[in-house]
Amino acid sequence: MKCTDLWNCVVVPLQFAPTQRALLAAILIGILCSVVGAFVVLQDLSFIGDALAHASFPGVVIASMLGWNIALGGAIFGVATALGVGWITRRSKVSLDTAIGVLFAGMFALGIFLLSRNRGYNKELFGLLLGDILAVRQSDLWTIVGVGGLILVVIAALYKELVLMTFDRTAAAAQGLPVGFLHYLLLSIMAITVVVAIQSIGIVLVVAMLVTPAATASLVVRRFWSMIVWGSLQGLVAATIGIYVSAYIDGVPTGSSIVLAHTAIFIIVLVLAPRKNALAGLFQRKVAD
Amino acid sequence: MAAVASQAHIRLQAPTTIAPALEVRQLTIRYDQRPVLSDVSFQAQASQLIGIIGPNGAGKTSLIKAILGLIPSTGQILVAGQALAKRSRKVAYVPQISAVNWRFPASVRDVVLMGRYGQLGWLRRPKKADYELADAALEQVNMQDFAQRSIADLSGGQQQRVFLARALAQEPDVLLLDEPISGVDVPTQEVILHLLRDLSNAGRTLLVTTHHLQHLEHHFDALLCLNQRLIAYGPPTAIMTRDVVEATFGRSLVLVPSHERIILDCNHSNCSEKPALTNNDSTAKN
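Residues numbered from 1 in each chain as written. Chains lettered and ligands numbered in written order. Predicted model: local features only at pLDDT ≥ 70, side-chain atom pairs only at ≥ 80, totals over all residues.

Student: Is there a simple way to explain the pairing of strand E3 (residues 49-53) of chain B in this structure?
Tutor: For a regular strand, side chains alternate in direction, first toward one face of the sheet and then toward the other. Residues and elements named next belong to chain B. Counting buried positions along E3 gives four out of five residues, so the element sits mostly inside the fold. As paired elements, E3 and strand E8 (residues 205-209) share four bridges and run parallel to each other. When the sheet's bridge partners are listed, Gly-51 is paired in E8 with Val-208. Pairing of E3 with strand E9 (residues 222-226) involves four bridges; the strand directions are parallel. (Buried ≥ 20, exposed ≤ 12 C-beta atoms within 10 Å, placed from the backbone. Helix = DSSP H or I, 4+ residues; strand = E, 2+ residues; numbered from the N terminus. Pairing = 2+ DSSP bridges.)

Have a look at this one:
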C-alpha cells in the first residue's frame with residue numbers, strides 16, 4: 001500500500017471494507033480484552049487465560065471440520081476446560097497450576113491430533129493459531145459486538161461484587177457473596193473473551209491482549225476503575241497501530257503487530273514510570289516473603 | 001381481656017431475657033474427616049473483648065471461619081439468639097493483612113466502602129449514606145486523613161486499621177479479627193488494642209485470635225484457649241492455670257506468675273509457636 005501525505009496515509013487503508021472491519025474488530029476486541037484483563041491480572045489468572053486459549057483449539061478444529069461457527073466451537077471447549085479446572089481443584093488436592101497444565105496440554109494435543117487427520121484445513125487453522133483479522137466478515141463483527149457487549153454489561157452489573165472478590169475473596173464470602181459462582185463466572189467470561197479474540201489475534205498471542213494493557217496500567221494507576229480506563233484506551237491505540245502497521249508492511253499478521261504495539265507501550269511506560277510502581281512493589285513484597 | 005393481657009405479657013417477657021451476643025453450641029469442624037475442632041461451646045456477651053489463643057493448628061482461624069460460615073461445620077451458631085443468616089451484617093470479619101491482595105489499586109476509602117457491598121444487594125451502587133458510613137468508620141479508627149491514599153502506601157498498622165474500618169462500615173454487632181496485632185510493631189499493637197477496647201466499650205463483641213501471649217489479662221476480658229477442642233474459657237486471671245496452659249500449649253510453655261501479671265514463657269528451643277517473649281520479636285512480617 002502506498003500513500004502521499006500523512007492524512008492520505010491515514011485514509012488510504014480505510015477505503016477498503018476488509019480493513020475497515022478489521023480496524024473496528026481490533027478496537028472492540030482490544031477494549032473487551034483490556035477490561036476483562038484487569039480482573040485477570042489482579043487475580044493472577046494470566047496462565048489460565050493462556051491455557052484457555054490453547055484448550056479451545058480442539059473445539060475450533062471440530063467446528064471448522066463440521067462447518068459450524070468456529071468461535072462457538074472454541075467457546076464450548078474453553079468454558080468446559082475452565083469449569084474442569086475449577087472442578088479438579090475443588091475435588092482433589094491437585095493444585096490449580098497443575099490442573100491447568102494437565103488440561104491445557106491435553107486439549108491442545110487433542111486439537112493437533114484432530115487437525116492432523118484433516119490436512120485440507122491447514123491454512124484456515126494456521127490462521128487460527130496466529131490470527132487473521134483481515135478475514136473478519138460482517139457476521140464475525142456482529143458476533144464480536146454482541147458477545148463483547150454482553151460481557152461488558154455483565155461486568156458492569158456485577159462490578160462491585162467482582163471487585164470485592166478480586167481484592168479479598170475471604171471477605172467477599174464473609175459478606176455473603178457467592179464467591180464460587182463469581183469465580184466460575186469470571187473464568188467463563190475470560191474463556192469467552194479469549195475465544196472471541198482468537199480469530200483476530202490467534203491462539204498463541206491472545207493472552208497478551210488480556211495481560212499487557214492491565215499490566216501497563218498497573219505501572220501508573222492507583223484505582224481499579226482507572227486501570228480499566230487506561231487498559232481500554234491502550235487497547236484502542238494498540239489495535240489502531242497494529243492494523244496500520246500490517247496494512248503498510250506486507251505479510252505481517254495483524255495479531256503480531258497489535259501485540260507488539262502493546263508490548264512497546266508497556267516497555268515505554270515501564271521505563272518512564274515516574275515513581276516506584278505497583279509492579280515493583282509486588283516483586284519487593286514477594287522477595288520479602 | 002385478662003387472658004389476652006397475660007398472653008401479651010408472656011410475649012413481652014420472652015425477648016427481654018437477653019440472649020448472648022454470640023453463642024456457639026457443640027461446634028465441630030472437620031477437614032477430610034479429620035477433626036480440626038471438636039465440640040466447642042461458649043457464649044460471648046455484648047461489650048466483651050475475647051482473645052482466642054492456642055498453638056499453630058489449634059483451630060483458631062477455623063473457629064472464626066466456621067462462625068462466618070466460610071467453612072462447613074456442625075453445631076449451632078446463634079447471634080443475639082438467632083441462627084446466623086448467610087448474608088448477615090451482624091458479624092463482620094477482619095482478615096489477616098497478609099492474606100489480602102495489596103497490589104490491588106484502590107484508595108483507603110474504596111476499601112472501607114467495600115464493607116457496605118454485602119448489604120447493598122445485587123445491581124445497587126453505593127449511595128450517599130454508604131459513603132457517610134465509610135467515612136464515619138474511618139474516623140473511628142482515626143484514619144480519616146488517609147481516605148484518598150492508595151492502600152499500597154500504608155504501613156502494616158494503617159492497613160490493619162483500614163480493615164477494621166471496613167468491618168465497622170458493615171455496622172456489625174460481633175467482630176471477628178484474625179491476628180490483628182501480628183506483623184505490626186509494639187506501639188502499633190497498643191494503638192490497635194486500644195481501638196479494640198473502645199469498640200467493645202461501645203457495646204460490640206470482639207473475638208480476636210492472637211499468638212502474642214503478653215499482657216493477656218490486661219487486654220482481654222476473657223480468653224478462649226483452644227487446642228483442637230475448647231480447653232478453657234473465662235477471665236484470664238481465673239483460667240490461666242498451669243494445667244490449662246499445658247493442655248493448650250503442651251509442656252513447651254511454663255507459667256511464671258510475676259508482679260500480678262501472667263507471663264508465658266517458652267522453655268524449649270523447639271517451641272514452634274513463638275509466643276511473645278520480648279517486646280521486639282513482633283516486628284517481623286508474616
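Student: Would you mind going over the sheet that holds strand E1 (residues 22-31) of chain B with me for this structure?
Tutor: Residue and element names in this part refer to chain B. Taken in spatial order, the four strands of this open sheet run E2-E1-E4-E5, and their pairing is antiparallel. If you trace the sheet from one side to the other, it starts and ends with strand E2 (34-44) and strand E5 (82-83), each paired once. Relative to E2, E1 is paired through seven bridges, and the arrangement is antiparallel. Bridging across to E2, Leu-22 finds its partner in Ala-44.

Student: Quick question: what am I supposed to make of the confidence of the model for chain B here?
Tutor: Note: predicted coordinates in regions of low pLDDT should not be interpreted at a detailed level. All names here are of chain B. Counting all residues, the mean pLDDT for chain B is 81, and 80% of those residues have values of 70 or more. This model gives residues 266-286 a pLDDT under 50, and the stretch forms 36 contacts once residues within four places in sequence are excluded. In the model output, the complex is listed with pTM 0.83 alongside ipTM 0.81. (pLDDT = per-residue confidence, 0-100. Contact = placed C-beta atoms within 7 Å.)

Student: I'm lost on the interface of chain B and chain A in this one. Help?
Tutor: By a widely used convention, the size of an interface equals the accessible area lost when the partners come together. Contact residues are listed per partner, giving 24 residues for chain B and 26 residues for chain A. Its residues placed into classes, the side of chain B that touches chain A shows 14 nonpolar, five polar and five charged. (Nonpolar A, V, L, I, M, F, W, Y, C, P; charged D, E, K, R; others polar.)

Student: I'm lost on unusual backbone geometry in this one. Help?
Tutor: Backbone phi values are negative for most residues with the exception of glycine, while trans is the configuration of most peptide bonds. Phi angles above zero are rare outside glycine, and Asp-44 of chain A is one such case at about 55 degrees. Mapped onto the secondary structure, Asp-44 of chain A falls in the loop between helix H2 (17-42) and helix H3 (46-55). On the neighbour-count criterion, Asp-44 of chain A (11 C-beta atoms within 10 Å) is exposed. The backbone phi angle of Glu-179 of chain B is positive, close to 50 degrees, even though this residue is not glycine. Inspection of the secondary structure assignment puts Glu-179 of chain B in the loop between strand E7 (174-178) and helix H7 (186-201). For Glu-179 of chain B, a count of 23 C-beta atoms within 10 Å puts it in the buried group.

Student: What's the story with the packing of helix H5 (residues 70-91) of chain A against helix H6 (residues 96-116) of chain A in this structure? I'm lost.
Tutor: Packed helices, taken two at a time, are described by the angle between their axes plus the distance between the axes. All names here are of chain A. At a minimum axis separation of 9 Å, H5 and H6 run at an interaxial angle of 145 degrees. In the packing of H5 onto H6, the handedness of the crossing is right-handed. Every residue of H6 that contacts H5 at Phe-77, Thr-81, Gly-84, Val-85, Ile-88 and Thr-89 is listed here: Leu-96, Ala-99, Ile-100, Leu-103 and Met-107. Looking at the contact of H5 with H6 residue by residue, the classes come out as eight nonpolar, three polar and no charged. (Axes fitted to C-alpha atoms, helices over the stretch in contact; angles between N-to-C directions. Left-handed = near helix turned anticlockwise from the far one by under 90°.)

Student: Explanation requested: the environment of Thr-237 of chain B in the structure shown.
Tutor: Residue and element names in this part refer to chain B. Note on placement: Thr-237 falls in helix H9 (residues 236-239). Look at Thr-237 and you get exposed, because 12 C-beta atoms sit within 10 Å. Sequence separation between Thr-237 and Ala-222 is 15 residues; the distance between their C-alpha atoms is 9.0 Å.

Student: Can you help me understand the packing of H2 of chain A against helix H8 (residues 138-157) of chain A in this one?
Tutor: Residue and element names in this part refer to chain A. Where H2 contacts H8, the two axes come as close as 10 Å, and the packing angle between them is 20 degrees. Judged by the inter-axis angle, H2 sits roughly parallel to H8. For the crossing formed where H2 meets H8, the hand is left-handed. Contact residues: H2 offers Arg-21, Leu-24, Ala-25, Leu-28, Ile-29, Leu-32, Val-35 and Val-36, while H8 offers Gln-138, Leu-141, Ile-144, Val-145, Gly-148, Ile-151, Leu-152 and Ile-155. (Parallel < 35°, antiparallel > 145°, perpendicular 65-115°, else oblique.)

Student: Can you help me understand the pairing of E9 of chain B in this one?
Tutor: Residues and elements named next belong to chain B. In terms of burial, E9 is a largely internal element, five of the five residues being buried. Judged by which residues are buried, E9 turns out to be covered on both faces: Ala-222, Leu-224 and Leu-226 on one side and Leu-223 and Cys-225 on the other are all buried. One ladder, built from four bridges, connects E9 with strand E10 (residues 230-234); its direction is antiparallel. Bridging from a neighbouring strand, Cys-225 pairs with Ala-232 of E10. With antiparallel pairing between neighbouring strands as the criterion, E9 and E10 make up a hairpin whose turn holds three residues, including Gln-228 at a positive phi of roughly 65 degrees.

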